[in-house]
Amino acid sequence: MSTELIAAKNLKKRYQMGEVTVYALKGVDFTLYDGELVVMLGPSGSGKSTLLNIIGGMDQATEGELYFGDKGLHEVGDRELTLYRRNEVGFIFQFYNLMPNLTAFENINLSVQIAQDPLEIDGLLEQVGLGDRRDHFPSQLSGGEQQRVAIARALAKNPRMLLCDEPTGALDLPTGIQVLKLLRDFCENYHKTVVIITHNTAIAEMADRVVYLKDGMVDRIEKNAHPLPPEKVTW
Amino acid sequence: MLWKKMIRDILSNKGSYVACLVIVIIGLIVFTAFSIVSDSLNLSKDTFYREQNFAQGFVELVSMPEHNVERLSRVEGIKEISGRVVREVRVNAPEREESIYLRLVSLDLSDSSRVNDVRLLEGEELKDRELNAWVDNQFFHANELEMGQEIEVVAGGRAREITITGMGMSPEFTYPLRTQTELFPNPEQFGIAFLPLDTMAALFPDVQGRVNDLVFTLEPDADFDRVKDRLEPELEQYGLKTIYSRDDQVSHLMLTEEITMLETLSTSFPLLFLSIAGVILYIMLKRMVEQQRGQIGILKALGYSDKEIVFHYLSYALTVGAVGGLLGGFLGILSATPLTELMLEFFNVPEVYEGFSLYYLMSGLLLSLTVFLISGYHGCKQALRLKPAEAMRPPAPVLGTKNILEKIGFFSEMLTIQGKMAVRNLTRNKGRSAFMFLGIMLSCAVVALTWSFNDLVDKMIFYQYEEVEVYDARVTLSGPDARDPVERELEGHTEVARVEPIAEVPVTLSHHWQEEDVSLIGITRESSLYNILDSEGRRVIPSDKGLILSERLADKLNVSVGSTLELESPFLRDEDSSQRVSVYEIIPQYLGMNAYMELSGLEELLGQGKLATSFLVNVNNNENKEGGISLLRDRYRESELVAGVDGREERIGQAAELMETFGVALYIYVLVGVIIGFSIIYSSSFIIVSERSRELASMRVLGMTSREVFSVITFEQWFLSFFAMLAALPLAQLMQQGLASELSTDMYILPGELSSESLFAAAVITSLSIWIAQRFALKKVRDLSLVEVLKFEE
Ligand SMILES: Nc1ncnc2c1ncn2[C@@H]1O[C@H](COP(=O)(O)OP(=O)(O)OP(=O)(O)O)[C@@H](O)[C@H]1O
Ligand SMILES: [Mg+2]
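Let me sum up the structure you'll find in this document. (Residues numbered from 1 in each chain as written. Chains lettered and ligands numbered in written order. Predicted model: local features only at pLDDT ≥ 70, side-chain atom pairs only at ≥ 80, totals over all residues. Heavy atoms only, no water.)

The next subject is the sheet that holds strand S4 (residues 63–68) of chain A. Pairing within the open sheet is antiparallel, and its 4 strands lie in the order S2-S1-S4-S5 (chain A). For this open sheet the edge positions go to strand S2 (20–33) and strand S5 (71–72) of chain A, each flanked by a neighbour on one side alone. (Pairing = 2+ DSSP bridges. Helix = DSSP H or I, 4+ residues; strand = E, 2+ residues; numbered from the N terminus.)

What follows is the structure, given as structure tokens:
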């Protein structure tokens, strides 16, 4: 087994809503390794997004510990979290969240500007198959194309891990497969960690490991000895 | 239910609503307060004028028999006429450093319908043939006098004790100025005393049975100019100096100008503020309707009618309008009384308070509701047009485009990605950018204008007393015979370093049909205590052949250098004749409006011997000028020949002190400018943050700090503000010119140029208020919850 990237210990996330207390996470222990592709499954409301957001430094847990290497992310301030997001994490969402008034190239450049060791933009655009759409604005691109720009934007920073919350949720099958293939390639070619949240159990077949969440806890973790290539995944 | 939604929506965006509300409230405070104050002043003025039978015409002459006054009331158009003796005397008060003057005005106790009657506020009736007097209330209070107290004046060359038996006020002296160059009343050193006519004769033997001043009222339909023409030949033989109407009477002029200014302000100022608030609210509602498309769609799908939905969104506007209208109205009513009191510090009219005014409260409320109804309706009318199905679909995507600015190649090269976003955002919502531009421009211009105004008034006073009138003291002679003995005496005093005669002669200058009454100042060629300066600040040597005129006078007479003027004066040896004299030079003059001539040339022109009305004096001993001046004052305290000794320092001090009270008003204007700039940037930042929260959050997720993210917004705002501030310069300049020509009078002329310091100050102050407003919005970006914002689809 390769080295640990992220280690979560007894993570709890509590929301106080007046009288009622909602537990989104009820004590999650979880480890993420270098270079693996993890798929997270679980019913709606089981805490998947919450966990991913905490891992990505978008949010902090109410209780428990979270380590990136030997740095305790549960005890750092806003500045450090921003730096962590800036240098180590790439996010991809169901809704692409591109800047509407920047072109594809400029959207990627936005993240290149703040990165320490960025990748080359035009190469990335070629890789995601959008070399000829470089100067197009988001409103001139389809959903799948926009998601590919979003992926390129996340990749461009050359982060240690890529966290994806339902990246194919709004896409049709062939487009979804294209996106998944990009993620798989990134994981293999650059030896980076990728986490994908999905409702689609079929996608789990391409993962190295599958984490099942239920009711704010890790239900079980399965290992795939032979992950399928994305092209073979059907749903 | 929808009410709850409204309250929550307002609360979740309270910053912008509060900004909007504050502007409405300020606007309405000014509306109600200034309206009430100007109404009160008008009412006081009118009642006062009516009850005291205030004159409509004023005559000054050398001397005429009192029994001839009666005959003049038969002149067609004249209703009532009173003859008076008016004389200025010095008060003998050895314990006081400065000179104190009283203008003695006679009252004819036998006349039951006196024109310019005095309203007795305290004390008892005047008694004939006794040395008793009423003094004006401001003088009384300023000098802490008491009833029955005696004040010693120097009259007819003798020290006389006059008993104060009453305190009153007269419509003629609501804003008493002693000389033309004074800007503000100074009740500590100048007051009015009213005495019986016989007592005047007892004080001044030369006026026994004679008068030197007439005041009259007109028949209802009489025309002043006609009456003046009929009166002139009748009075010629008595040494007529001037006849003028109420419109040119100093106190009346100042009072009516103040009231007009208040009236103008009470409408223009609130309208400006309400329009700004209206536009802000319009922008906020428009944005909210855009953002709540989905909700509107659902409401429509549920079966709410268009009317109900529009009313719902209008209720936001009307709530702000009603709350602002009522609060502003009440605060305005509350501040009206202190404000009236403040005005009464400057204008001596009896107080008539109009305390609570339902009328202005209601019209203020109505005004603000109307403005918000209009802006609110326009803000939310698009909600009407949405079809339910359409409403639930996301709006047409923002079509990103490069704009004109980026077509300028090198400019686009210079921009970072954030810069590019900012520049493109400028054209994303053109209406809003235009509003921001105009707002910042206005805010900056208001501050520049105010600052400049303050600077200029300072400069005006400094110029007059540090550059033009540089003498240490002015010794005013009591009559023409005093010149030689006083000059000899002055030169003999050890504390006196330099003495220069000066003559101030009332003249009427005319050119074709233009005619002006001014004071012609004669000074010596080698004068170094009174400098006539040209526009470059170079000394102009007075000529014995021609007149030097102030620019305003030259304009009014429509003359230029070389033109020939007709000159008449009671000082001319042959009073009925006139002289022709040419214009030698035209110079700027900020305080007063005068003509100048070389003294001996003036003497020759008038056919007089040696002429002087005062001496300008410089004292020795630079370290202790005050000591020298007070020594001089002591020497002449009881002199028959000298009417008074004025120190220059006191006059500067007083002017500066009074400027400070006016300064308060100016700071209020600066504050207004700051509030405009602040609230515009504040509310627009808030709108931008909530409108683009998704973009901003995405950038935060990418790992940018709040500050980096916010820089996109600030760059956009600074970019716009920079050009808005540039555009404010010509605007402020234009406003200054307008204001200068509007506010300049014969007593003081305001220059039309902006001071350069004010431009700098305006830029700094505007930038500061923008910067502070941005700090609040930055906090909002910091508090943006990344998880929440990105959870939903756009
Ligand atoms: N801001 C919040 N306030 C209160 N409760 C919240 C908040 N955010 C999340 N929750 C609760 O936390 C729980 C987990 O939410 P989370 O978004 O992580 O679920 P999820 O597994 O991603 O679900 P889905 O598959 O539907 O996206 C839910 O029960 C939700 O109601
Ligand atoms: Mg989720």
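So much for the structure itself; the text now carries on.
Looking now at the site of ligand 1. The local shell around ligand 1 holds 15 residues, among which A:Ser44, A:Gly45, A:Lys48, A:Ser49 and A:Thr50 are the closest. The site occupied by ligand 1 is bordered by residues of chains A and B. Within the contact set of ligand 1, an oxygen atom lies 2.3 Å away from a side-chain nitrogen or oxygen of A:Ser44. A distance of 2.4 Å is found between an oxygen atom of ligand 1 and a side-chain nitrogen or oxygen belonging to A:Thr50. For ligand 1, the accessible surface in isolation is 640 Å², of which the surrounding protein chains cover 72%. Those elements that provide at least two residues to the shell around ligand 1 are strand S1 (4–17) and helix H1 (48–55) of chain A together with helix H25 (786–791) of chain B. The leading source of residues in the shell around ligand 1 is H1(A), at 3 residues. The class makeup of the residues in the shell around ligand 1 is 4 nonpolar, 7 polar and 4 charged. (Near = heavy atom within 4 Å. Polar contact = N/O pair within 3.5 Å; in protein donor to acceptor, adjacent residues only side chain to side chain. Areas by Shrake-Rupley, 256 points an atom, 1.4 Å probe, with all protein chains shown as cover. Nonpolar A, V, L, I, M, F, W, Y, C, P; charged D, E, K, R; others polar.)

Here the focus is the sheet that holds strand S11 (residues 240–245) of chain B. Residue and element names in this part refer to chain B. Spatial ordering of the open sheet is given by S2-S10-S1-S11, a layout of 4 strands whose pairing is antiparallel. At either margin of the open sheet sits one strand with a lone partner, and together these are strand S2 (78–84) and S11. Shown here is a sheet whose adjacent strand axes are inclined to one another by a mean of 25°, direction ignored. Relative to strand S10 (residues 210–218), S2 is paired through 6 bridges, and the arrangement is antiparallel. Its bridge partner being in S10, Ile-78 is matched across the sheet by Leu-218. Packing of helix H6 (residues 224–235) onto the sheet brings it into contact with strand S1 (57–65), S2, S10 and S11, and relative to S11 it is tilted by some 165°. (Axes fitted to C-alpha atoms, helices over the stretch in contact; angles between N-to-C directions. Contact = heavy atoms within 4.5 Å.)

Right, let's get into the interface of chain A and chain B. Facing the 26 residues of chain A at the interface are 31 residues of chain B. Summed over both partners, the interface of chain A with chain B buries about 2700 Å², with 61% contributed by carbon and sulfur atoms. Counting the contacts that link chain A with chain B gives 2 salt bridges. The shortest N-O distance in the salt bridge between B:Arg700 and A:Asp78 comes to 3.6 Å. (Buried area = accessible area lost by both parts, 1.4 Å probe. Salt bridge = Lys/Arg side-chain N within 4 Å of Asp/Glu carboxyl O.)

Let us look at helix H2 (residues 14–51) of chain B. All names here are of chain B. Between the first and last C-alpha of H2 there are 54 Å, a value that for 38 residues agrees with the 56 Å anticipated at 1.5 Å per step. Of all 38 residues making up H2, 27 are buried, and the element is well covered by its neighbours. Once H2 finishes, Asn-53 follows within two positions and takes phi at roughly 55°, a positive value. (Expected span 1.5 Å × (residues − 1). Buried < 20%, exposed > 50% of the residue type's maximum accessible area, 1.4 Å probe, protein only.)

Another aspect to go through is the pattern of salt bridges. Tallied over the full model, the rule gives 37 salt bridges over all chains. The closest approach of N and O atoms between A:Lys71 and A:Glu80, which form a salt bridge, is 3.8 Å. A salt bridge links B:Arg103 to B:Glu88; the shortest N-O distance between them is 3.5 Å. Taken together, the positions of B:Arg103 in strand S4 (residues 100–107) and B:Glu88 in strand S3 (residues 86–91) put the pair 15 residues apart, joining distant regions of the chain. For B:Arg103, a relative accessible area of 19% translates into the label buried. The exposure class assigned to B:Glu88 is partly exposed, which follows from its relative accessible area of 33%. Shared partners join several salt bridges into a network, and the residues in it are B:Glu88, B:Arg103, B:Arg178 and B:Asp646.

Let us look at the pairing of strand S20 (residues 642–647) of chain B. Side-chain direction in a regular strand flips from residue to residue, so the side chains alternate between the two faces of the sheet. Residue and element names in this part refer to chain B. Within S20, 5 of the 6 residues are buried, which leaves it mostly tucked inside the rest of the structure. Alignment of strand S12 (residues 473–477) against S20, held across 5 bridges, turns out to be antiparallel. Residue pairing for S20: Thr-476 is matched across the bridge by Gly-644.

With that settled, consider helix H19 (residues 599–606) of chain B. Residues and elements named next belong to chain B. Among the 8 residues of H19, 6 are classified as buried, and the element is accordingly described as predominantly covered. Burial in H19 covers these residues: Leu-599, Gly-601, Leu-602, Glu-603, Leu-605 and Leu-606. In the core, the buried residues of H19 are packed alongside helix H17 (483–492), strand S13 (496–511), strand S14 (514–523), strand S16 (564–568), strand S17 (579–587) and strand S18 (594–598). Gly-607 sits one or two residues past H19 and shows a positive phi near 70°.

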